[in-house]
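Results of the structural survey
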Amino acid sequence: MTRVLLVEDNEMNRDMLSRRLARKGFEVLIAVDGKAGVDMAGSESPDIILLDMSLPIMDGWEAAGRIKGDPTTAGIPILALTAH
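The structure contained in this document is the topic of the report that follows. (Residues numbered from 1 in each chain as written. Predicted model: local features only at pLDDT ≥ 70, side-chain atom pairs only at ≥ 80, totals over all residues. Heavy atoms only, no water.)

Attention shifts here to the side chain of Asp 52. Within the secondary structure, Asp 52 is located in strand S3 (residues 48-52). Put simply, Asp 52 is tucked away with no salt bridge, and the nearest opposite charge, on Arg 14, sits 8.5 Å away. Separated by 3.3 Å, the side chain of Asp 52 and the backbone nitrogen of Ser 54 make a polar contact. Among all residues touching Asp 52, those that are not within four sequence positions of it are Val 7, Glu 8, Asp 9, Gly 60, Leu 81 and Thr 82. (Helix = DSSP H or I, 4+ residues; strand = E, 2+ residues; numbered from the N terminus. Buried < 20%, exposed > 50% of the residue type's maximum accessible area, 1.4 Å probe, protein only. Lys, Arg positive; Asp, Glu negative; His and termini not counted. Salt bridge = Lys/Arg side-chain N within 4 Å of Asp/Glu carboxyl O. Polar contact = N/O pair within 3.5 Å; in protein donor to acceptor, adjacent residues only side chain to side chain. Contact = heavy atoms within 4.5 Å.)

Encoded structure:
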């Protein structure tokens, strides 16, 4: 089963996206801020990361940079999510 890490602080967006992904057969892991997303990318080894760019604690730009800068997580594809 494909593991998707959803990093999203908005509860409504998180709920909608996680339910849709789960219905399509994906295993959904959830982080609610950028730091938790970086930590989970390393500990959970998801197949792909859906990353909101406007996050608390650490924004999506910084989180993406840290994920891509770490050799253990650099190969994980990141799909940026933003309302901007």
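The next point concerns the pairing of strand S1 (residues 3-7). The buried count for S1 comes to 4 of 5 residues, which makes it a mostly enclosed element. Pairing of S1 with strand S2 (residues 27-31) involves 5 bridges; the strand directions are parallel. Across the sheet, Val 7 pairs through a bridge with Ala 31, a residue of S2. Summarising the sheet, S1 and S3 pair through 4 bridges and their orientation is parallel. Looking at the pairing, Val 4 lines up with Ile 48 of S3. (Pairing = 2+ DSSP bridges.)

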